[in-house]
Amino acid sequence: MIRTVLLIAAVLVGVRGASADIYQTSIPHAILVDYDSGSVLFEKAADVPVPPASLTKMMTMAVVFQALKDGKIGIDDEFVISEHAWRHGGAPSGGSAMFAEINSRVKLSDLMRGVIVQSGNDAAIAIAEGLMGNEPSFAQLMTQRAKEIGLTNTTFRNPTGYHDPDQKMSARDVAKLAAYIIKNFPKYYPIYGEPDFKWNNIFQRNRNPLLSMGIGADGLKTGYVKEGGYNLAGSAVQSGQRLIVVVMGAKSEKERGEEARKLLDWGFRNFESRLLFDRDTAIAEARLFGGAQSRVKLAADGPVRILVPRGTTEKITARVVYQGPVRAPVTAGTPIGRLRVMRGEILAVEVPLHADEDVGQGDLTQRALDGAQELVIDLVKAGAAKLKAGALKP
């Protein structure tokens, strides 16, 4: 059964400073996240799956980056531009393209820039065909990888972002993917900040408008399909702080760029970091079944921080959610549950928790007592459920 433990129901009083007004945006789906702490500063319909358009290519590249990191492919490997890649993603397609020639062989390093800087559909298809033989198989790999890194509202059907009714991502998932790329692939992330790329004598500028706004932006991607509107995932650094912004469903290129910039400006200006739990601090305890002791201490992998509005008083609540009781024996480091920190109505921070100590199995008497206790709890719950069901009958 799921057990929730209330940790904090506290009011934090901010320092003197400009009060953070409640932000409003015309964008239907948006989220702003502090990279280091994972704090969500703003969200609006951030869990609704919508057409990602070329933001899809972020996952295309995440798969490529991982294959490079694992040594499965090399940066100088050459990929063939098939007729399919050329016709459906290149010059004849009418969409964004690298303009690689049909049947030519192109180095992966160039295809990567074709995807990231130029948003080339031909480059994305060539990579998919080169790695998995065809687009559908590569899309399955993309969806599998998305699940592995914790994207819960994401499904892919192609590597380009061409509209498919089943291809969806939420703004929160896009932000998670952006953070994943920045954290795990520092060798390749700087490509997202390159201002332009020339290929086949065709010069194209990076489509991300944030890069030229002088706000410290260094990535990531834009996209558009008529079924979903204009999308943007961006990241910027100011005074050592990195924020990630995602806007999806804008009505125009101008709106998506301006709203993304405004969100970043608002985030940098109005929030400060607060330490909730220090490193190696026992955050909570989970109940054990059949253990040498009745509870096991839980901790996070590092310090837990949250960003809060400057100069305001805001209620912060923190709960631990885990599947319990946990069966003994338990080894230190074993994943147990998650810490969920709410700032008002916003899920500001969510971090995994693990056992902070070894707990051995209890003796026969202790296990019998735990079993009897669980039986009583189950009977009480069953009785309460019957009473509730009876009360609901007409």
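Residues numbered from 1 in each chain as written. Predicted model: local features only at pLDDT ≥ 70, side-chain atom pairs only at ≥ 80, totals over all residues. Heavy atoms only, no water.

**Things to note about the overall build of the chain**
Okay, step 1: Counting its secondary structure elements, the chain contains eight helices and 18 strands.
Okay, step 2: A total of 394 residues make up the chain; the buried ones form 49% of that total.
Okay, step 3: Relative to all contacts within the chain whose residues are 6 or more apart in sequence, the contacts with residues 24 or more apart total 67%.
Okay, step 4: Accessible surface, the chain as shown: approximately 18,400 Å² in total, 51% of it carbon and sulfur. (Helix = DSSP H or I, 4+ residues; strand = E, 2+ residues; numbered from the N terminus. Buried < 20%, exposed > 50% of the residue type's maximum accessible area, 1.4 Å probe, protein only. Contact = heavy atoms within 4.5 Å. Areas by Shrake-Rupley, 256 points an atom, 1.4 Å probe, with all protein chains shown as cover.)

**Structural notes on the nonpolar core**
Nonpolar side chains in soluble globular proteins tend to be buried together.
Okay, step 1: Ranked by size, the top nonpolar core spans 62 residues in total, and within it Met58, Met59, Met61, Phe65, Met112, Leu177 and Ile181 carry the most contacts.
Okay, step 2: Of all the elements in the fold, those that place two or more residues in this core are β2 (29–34), α1 (56–69), α3 (108–116), α4 (121–132), α5 (135–148), α6 (171–184) and β10 (241–250).
Okay, step 3: Considering every element that reaches this core, the biggest residue donor is α1, with nine residues.
Okay, step 4: Beyond its immediate stretch of four places on either side in the chain, isoleucine 181 contacts Met58, Ala62, Phe65, Pro186, Tyr189 and Tyr192.
Okay, step 5: One finds Ile316, Val326, Val349 and Val359 within the second-largest nonpolar core, a separate group that totals 27 residues. (Core = buried A, V, L, I, M, F, W, Y, C linked by side-chain atoms within 4.5 Å.)

**Here we look at the environment of leucine 298**
Okay, step 1: With respect to the secondary-structure elements, leucine 298 resides in strand β13 (residues 295–299).
Okay, step 2: Residue leucine 298 is classed as buried on the basis of its relative accessible area, which comes to 0%.
Okay, step 3: If sequence neighbours within four positions are ignored, leucine 298 has contacts with Thr281, Ala282, Ile283, Ala284, Glu285, Ala286, Val320, Ile336, Leu353, His354, Ala355 and Asp356.

**Examining the pairing of strand β3 (residues 40–44)**
Okay, step 1: Across four bridges, the pairing between β2 and β3 is antiparallel. Its bridge partner lying in β3, isoleucine 31 is registered against glutamate 43.
Okay, step 2: The turn linking β2 back onto β3 is made up of five residues, and glycine 38 within it adopts a positive phi angle of 80 degrees. (Pairing = 2+ DSSP bridges.)

**Some points on helix α7 (residues 253–270)**
Okay, step 1: With 18 residues, α7 should reach 26 Å at 1.5 Å per residue; the first-to-last C-alpha distance of 26 Å fits that figure.
Okay, step 2: By the burial criterion, the buried members of α7 are Glu255, Arg256, Gly257, Glu259, Ala260, Leu263, Leu264, Trp266, Gly267, Phe268 and Asn270. (Expected span 1.5 Å × (residues − 1).)

**Side note on the packing of aromatic side chains**
Okay, step 1: Throughout the structure, instances matching the rule amount to nine aromatic pairs.
Okay, step 2: Aromatic side chains phenylalanine 65 and tyrosine 188 sit 5.3 Å apart centroid to centroid with 10 degrees between the ring planes, which places their arrangement in the stacked category. With phenylalanine 65 in helix α1 and tyrosine 188 in the loop between α6 and β6 (196–199), this residue pair connects regions lying 123 residues apart in the sequence. Each member of the pair, phenylalanine 65 together with tyrosine 188, is buried.
Okay, step 3: Taken together, a centroid distance of 5.6 Å and an interplanar angle of 80 degrees make the contact between tyrosine 180 and phenylalanine 185 edge-to-face. For the pair shown, tyrosine 180 and phenylalanine 185 are each scored as buried.
Okay, step 4: Feature note: the residues Tyr23, Phe42, Trp266 and Phe271 constitute an aromatic cluster, connected by ring pairs. (Phe/Tyr/Trp six-rings, centres within 6.5 Å; stacked < 30°, edge-to-face > 60°.)

**So, α6**
Okay, step 1: End to end, α6 covers 20 Å across 14 residues, agreeing with the expected 20 Å (1.5 Å per residue, within 8%).
Okay, step 2: With respect to burial, α6 is a largely interior element, 10 of its 14 residues being buried.
Okay, step 3: Restricting attention to buried positions, one finds in α6 the residues Ala171, Arg172, Asp173, Val174, Ala175, Leu177, Ala178, Tyr180, Ile181 and Ile182.
Okay, step 4: Where α6 is buried, its residues contact β2, β3, α1, β8 (217–225), β9 (229–238) and β10.

**Details of the pattern of salt bridges**
Okay, step 1: This model, assessed by the stated rule, comprises 12 salt bridges.
Okay, step 2: The partner of glutamate 194 in a salt bridge is arginine 113, and the shortest N-O contact between them spans 3.0 Å. Highlighted residues: glutamate 194 in the loop between α6 and β6 and arginine 113 in helix α3, separated in sequence by 81 residues. (Salt bridge = Lys/Arg side-chain N within 4 Å of Asp/Glu carboxyl O.)

**Focus: the pairing of strand β7 (residues 202–205)**
Regular strands place their side chains on alternate faces of the sheet.
Okay, step 1: The sheet contact formed by β6 and β7 spans four bridges and is antiparallel. Within β7, the position partnered with phenylalanine 197 by the bridge is glutamine 204.
Okay, step 2: Following β6, the chain reverses through two residues before pairing antiparallel with β7; asparagine 200 in that reversal takes a positive phi of roughly 55 degrees.

**Focus on the confidence of the model for the chain**
Okay, step 1: With 86% of its residues at a pLDDT of 70 or more, the chain shows a mean pLDDT of 87.
Okay, step 2: pLDDT under 50 marks residues 4–21. Its contacts with residues more than four places away, or in other chains, come to 58 contacts.
Okay, step 3: Note on residues 374–381: pLDDT is under 50 here. Beyond four places in sequence and across chains, it has nine contacts. (pLDDT = per-residue confidence, 0-100.)

**Points about the side chain of histidine 354**
Okay, step 1: Structurally, histidine 354 can be placed in strand β18 (residues 346–355).
Okay, step 2: The buried category is assigned to histidine 354, whose relative accessible area is 15%.
Okay, step 3: Once residues within four sequence positions are removed from consideration, histidine 354 is found in contact with Lys297, Leu298, Ala299, Ala300, Asp301, Gly333, Thr334, Pro335 and Ile336.

**A look at the side chain of arginine 256**
Okay, step 1: Along the chain, arginine 256 falls in helix α7.
Okay, step 2: Within the buried core, arginine 256 has no salt-bridge partner, and the shortest N-O distance to an opposite charge, that of glutamate 253, equals 4.6 Å.
Okay, step 3: In this structure the side chain of arginine 256 is engaged in a polar contact, spanning 2.9 Å, whose partner is the backbone oxygen of glycine 223. (Lys, Arg positive; Asp, Glu negative; His and termini not counted. Polar contact = N/O pair within 3.5 Å; in protein donor to acceptor, adjacent residues only side chain to side chain.)

**Considering the packing of α1 against α6**
Okay, step 1: At a minimum axis separation of 11 Å, α1 and α6 run at an interaxial angle of 25 degrees. Here α6 runs roughly parallel to α1, going by the angle between their axes. Judged by the twist between their axes, the crossing of α1 over α6 is left-handed. On the side of α1, the interface is formed by Met58, Met59, Ala62, Phe65, Gln66 and Lys69, while α6 contributes Val174, Leu177, Ala178, Tyr180, Ile181 and Asn184. (Axes fitted to C-alpha atoms, helices over the stretch in contact; angles between N-to-C directions. Parallel < 35°, antiparallel > 145°, perpendicular 65-115°, else oblique. Left-handed = near helix turned anticlockwise from the far one by under 90°.)

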